[in-house]
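# Structural description and commentary
Each chain, letter by letter, is given below.
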Amino acid sequence: MGDRGGAGGSRRRRTGSRPSSQGGGGPPAAEEEVRDVGAGGDAPAPEKDKDGDAVTGSGHWDLRCHRLQDSLFSSDSGFSNYRGILNWCVVMLILSNARLFLENLIKYGILVDPIQVVSLFLKDPYSWPALCLVIVANVFAVAAFHVEKRLAVGALTEQAGLLLHVVNLATILCLPASVAFLLESITPVGSVLALMVYTILFLKLFSYRDVNLWCREHRASAKAKAKAASTGKKANGGAAQLMGTVSYPDNLTYRDLYYFLFAPTLCYELNFPRSPRIRKRFLLRRLLEMLFFTQLQVGLIQQWMVPTIQNSMKPFKDMDYSRIIERLLKLAVPNHLIWLIFFYWLFHSCLNAVAELMQFGDREFYRDWWNSESVTYFWQNWNIPVHKWCLRHFYKPMIRRGYSRWTAKVGVFLASAFFHEYLVSIPLRMFRLWAFTGMMAQIPLAWIVSRFFRGNYGNAAVWLTLIIGQPVAVLMYVHDYYVLHHEAPSAGA
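Conventions used here
Residues numbered from 1 in each chain as written. Predicted model: local features only at pLDDT ≥ 70, side-chain atom pairs only at ≥ 80, totals over all residues. Heavy atoms only, no water. Helix = DSSP H or I, 4+ residues; strand = E, 2+ residues; numbered from the N terminus. Buried < 20%, exposed > 50% of the residue type's maximum accessible area, 1.4 Å probe, protein only. Contact = heavy atoms within 4.5 Å. Areas by Shrake-Rupley, 256 points an atom, 1.4 Å probe, with all protein chains shown as cover. pLDDT = per-residue confidence, 0-100. Phe/Tyr/Trp six-rings, centres within 6.5 Å; stacked < 30°, edge-to-face > 60°. Axes fitted to C-alpha atoms, helices over the stretch in contact; angles between N-to-C directions. Left-handed = near helix turned anticlockwise from the far one by under 90°. Nonpolar A, V, L, I, M, F, W, Y, C, P; charged D, E, K, R; others polar. Salt bridge = Lys/Arg side-chain N within 4 Å of Asp/Glu carboxyl O. Core = buried A, V, L, I, M, F, W, Y, C linked by side-chain atoms within 4.5 Å. Parallel < 35°, antiparallel > 145°, perpendicular 65-115°, else oblique. Expected span 1.5 Å × (residues − 1). Bend = angle between axes of the 7 residues up to and from the residue. Polar contact = N/O pair within 3.5 Å; in protein donor to acceptor, adjacent residues only side chain to side chain. Patch = residues over 30% accessible without salt bridge, like charges linked within 9 Å, V, L, I, M, F, W, Y side chains within 5 Å.

This part is about the overall build of the protein chain. If you tally the helices and strands in the protein chain, you get 17 helices and zero strands. Each of the 493 residues in the protein chain was classed as buried or not, and the buried ones make up 32%. Considering only intrachain contacts with a sequence separation of at least 6, the fraction spanning at least 24 residues in the protein chain is 70%. Here the protein chain displays about 31200 Å² of accessible surface, and carbon together with sulfur accounts for 64% of that area.

Structure (structure tokens):
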């Protein structure tokens with residue numbers, strides 16, 4: 001018992017230490033700690049639970065239930081765990097779209113027809129013009145290869161090689177465009193696929209020519225600096241040979257060329273990063289995703305987008321602006337959902353499947369474009385293969401030639417606008433420049449967003465342009481295609 005003295009009194013507390021295991025299991029040493037707290041001493045701190053509240057039975061501290069703190073939605077609170085609200089948004093999104101889906105089924109019935117998909121690729125089952133175009137593309141790849149072989153041994157001058165490459169690349173763009181525009185048996189969807197193959201081939205062979213040219217320049221400069229010391233060395237240097245990597249001109253083989261043509265990249269290298277093995281489970285998951293999302297996209301387009309687009313023609317014909325806006329907003333949801341599925345299908349499922357089969361090591365096909373707070377950041381991160389090509393073979397060469405950054409950026413958008421229009425107008429056989437205008441409008445839009453919007457507001461502005469901008473272009477092309485191919489013939493009749 002303790003003695004009580006004075007107004008404050010004192011309190012004794014006895015604590016025992018844990019038994020010591022040191023010294024070969026000797027008797028535990030007991031320690032006694034006595035803390036006296038008098039009237040002039042500090043009050044003992046109350047024991048708190050995990051939330052910081054005083055536990056019951058700690059004296060007058062259990063009467064306190066308030067402390068200095070901000071509401072969770074206040075920016076000063078530092079609270080950032082909104083996972084439940086995100087889940088709520090997802091549930092609301094699913095429920096709202098489920099209602100639209102049921103409404104669509106009740107109104108139109110089941111419109112999904114796999115046979116109709118086949119007819120989009122072929123008009124005549126005995127005529128395969130798009131596939132023939134893809135096969136003929138090998139001719140241009142082999143032509144570029146032989147030009148590089150002769151340049152490597154000095155059988156051609158650089159000027160003659162440049163001329164041959166320009167003719168080859170120009171033919172790659174012009175031949176499929178002429179066939180798609182003039183041949184009646186080819187379908188618009190078949191034309192799009194063929195033109196995409198040729199566009200990819202154009203970008204790859206452009207990079208193939210550039211990299212081999214840089215290797216020749218490096219080899220020439222190395223010989224000029226030290227002829228005696230460079231004996232036995234090639235473009236990549238002796239260290240590269242010791243590591244077992246390929247150096248110029250040993251890379252000029254059909255095996256190397258076709259590995260690059262099928263690899264999920266647009267930028268050529270002599271030595272690509274390679275993964276150690278093929279992961280069969282990873283590959284199987286990607287293949288199943290490709291199959292599932294292909295069917296899902298086709299079903300959503302047939303069941304959801306096509307009826308909405310067909311019902312949009314009358315408001316456009318009557319120029320009923322309120323109905324046009326309503327149809328635009330109604331089309332925005334399925335269009336954006338299909339675009340998101342297409343992004344995942346192409347950049348994650350398809351490219352990863354190809355990379356896994358070819359043991360291609362660089363799997364950065366996209367970055368966090370969904371966090372974009374500016375339009376520029378979005379275009380730099382949503383399609384990494386194209387961004388790397390533009391940066392390496394277009395933007396930086398223009399900077400080295402003395403152009404300003406602004407001019408180089410405008411040049412990149414011009415090239416992108418050309419290819420967007422190339423892939424849309426030629427298969428549809430009409431030139432309205434909606435895709436070209438939409439791409440060039442990204443330049444002032446990027447300035448507006450970066451100038452007036454920051455942080456979350458900038459991110460919301462980028463999402464708004466993605467959700468609304470694409471349906472506008474879709475409706476413009478569909479309206480013009482409908483007028484050109486349906487109303488004009490009926491008016492003539």
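With that settled, the discussion passes to the confidence of the model for the protein chain. Taken over all residues, the pLDDT of the protein chain has a mean of 81, while the share at 70 or more is 81%. Segment residues 1–43: pLDDT under 50, and 27 contacts once partners within four positions in sequence are set aside and those in other chains are kept. For residues 230–242, every residue scores under 50 in pLDDT, and the model assigns this stretch 18 contacts once sequence neighbours within four places are set aside.

A few words on unusual backbone geometry. A cis amide bond, omega 5°, links Y248 with the succeeding residue P249. By the element assignment, P249 lies in the loop between α7 (238–242) and α8 (254–262). Backbone geometry at Q359 places phi at a positive 55°, although glycine is not the residue there. For Q359, the location among the structural elements is in the loop between α11 (321–358) and α12 (375–381). The class for Q359 is partly exposed, based on a relative accessible area of 22%. Here L433, not a glycine, exhibits a phi torsion of approximately 60°, which is positive. Assignment of secondary structure puts L433 in the loop between α14 (405–428) and α15 (434–440).

Right, let's get into the packing of aromatic side chains. Two aromatic rings, taken as a pair, are described by how far apart their centres are and by the angle between their planes. One pass over the structure, following the stated rule, counts 37 aromatic pairs. Look at F343 and F347: their rings are 5.3 Å apart centre to centre, the planes differ by 35°, and that puts the pair in the tilted class. Taken together, the residues span about one helical turn, with F343 and F347 both in helix α11 at a distance of four residues. For the residue pair F343 and F347, the accessibility class agrees, reading buried in each case. Taken together, the ring pairs in this structure connect W339, F343, F347, Y366, W369, W370, F378, W379, W382 and W463 into an aromatic cluster.

The next subject is the packing of helix α13 (residues 384–400) against α14. Interhelical geometry of α13 versus α14 gives an angle of 145° and a closest axis separation of 9 Å. Taken as a pair, α13 and α14 cross one another with a handedness that is right-handed. Residues C390, F394, Y395, M398 and I399 of α13 form the contact with α14, whose own contacting residues are R405, T407, A408, K409, G411, V412 and A415. Class assignment of the residues belonging to the contact of α13 with α14 gives a composition of eight nonpolar, two polar and two charged.

Further remarks concern the pattern of salt bridges. All told, the structure shown has 12 salt bridges when counted by the stated rule. For E158, the salt bridge identified is with R216, shortest N-O distance 2.8 Å. Placement of the pair is E158 in helix α5 (residues 158–182) and R216 in helix α6 (residues 188–225), with a sequence separation of 58 residues. Assessed through its relative accessible area of 33%, E158 is described here as partly exposed.

I172 and L201 are the most contacted members of the largest nonpolar core, which totals 62 residues. For this core, the element with the highest residue contribution is α6, accounting for 10 residues. Of all hydrophobic cores here, the second largest spans 13 residues; its members include L300, I324, L331 and I341.

Next up on the list: the environment of L351. The residue L351 is located in helix α11 in this model. Here the alpha-carbon distance between L351 and R363, two residues 12 residues apart in the chain, equals 8.2 Å. With residues up to four places along the chain from it excluded, the contact list for L351 reads P264, L346 and F365.

This next bit is on the side chain of S191. Mapping S191 onto the fold places it in helix α6. Residue contacts for S191: discarding those within four places in its chain leaves A180, I186 and P427.

Glancing now at the packing of helix α4 (residues 129–153) against α8. Direction vectors running N to C along α4 and α8 enclose 130°, while the axes themselves pass 11 Å from each other. The pairing of α4 with α8 is recorded here as oblique in orientation. Two packed elements cross with a definite hand, and for α4 against α8 that hand is right-handed. In this structure, α4 contributes N138, A141, V142, F145 and H146 to the contact, and α8 contributes Y254, L257, Y258 and L261. Looking at side-chain class alone, the contact of α4 with α8 contains seven nonpolar, two polar and no charged residues.

In this model α13 runs 22 Å from its N-terminal to its C-terminal C-alpha over 17 residues, within 8% of the 24 Å that 1.5 Å per residue would give. At L391, α13 shows its maximal bend, which comes to roughly 40°. Those residues of α13 that sit buried are I384, P385, H387, W389, C390, H393, Y395, P397 and M398. At its buried positions, α13 is contacted by α6, α12 and α14. For α13, the capping residue at the N-terminal end is N383, with a side-chain oxygen 3.4 Å from the backbone nitrogen of V386. Positive phi appears at G402, one or two residues downstream of α13, with a value of about 100°.

On the surface, L72, F73, F79, Y82, I85, W88, V91, M92 and L95 cluster together into a nonpolar patch covering about 940 Å² of accessible area. Tracing the chain through its elements places L72 in the loop between α1 (22–25) and α2 (83–108).

The subject of this paragraph is the environment of N383. Tracing the chain through its elements places N383 in the loop between α12 and α13. The class for N383 is buried, based on a relative accessible area of 15%. Along the chain, N383 and F343 lie 40 residues apart, while their C-alpha atoms are 9.3 Å from each other. When neighbours within four sequence positions are excluded, N383 is seen to be in contact with F347 and F365.

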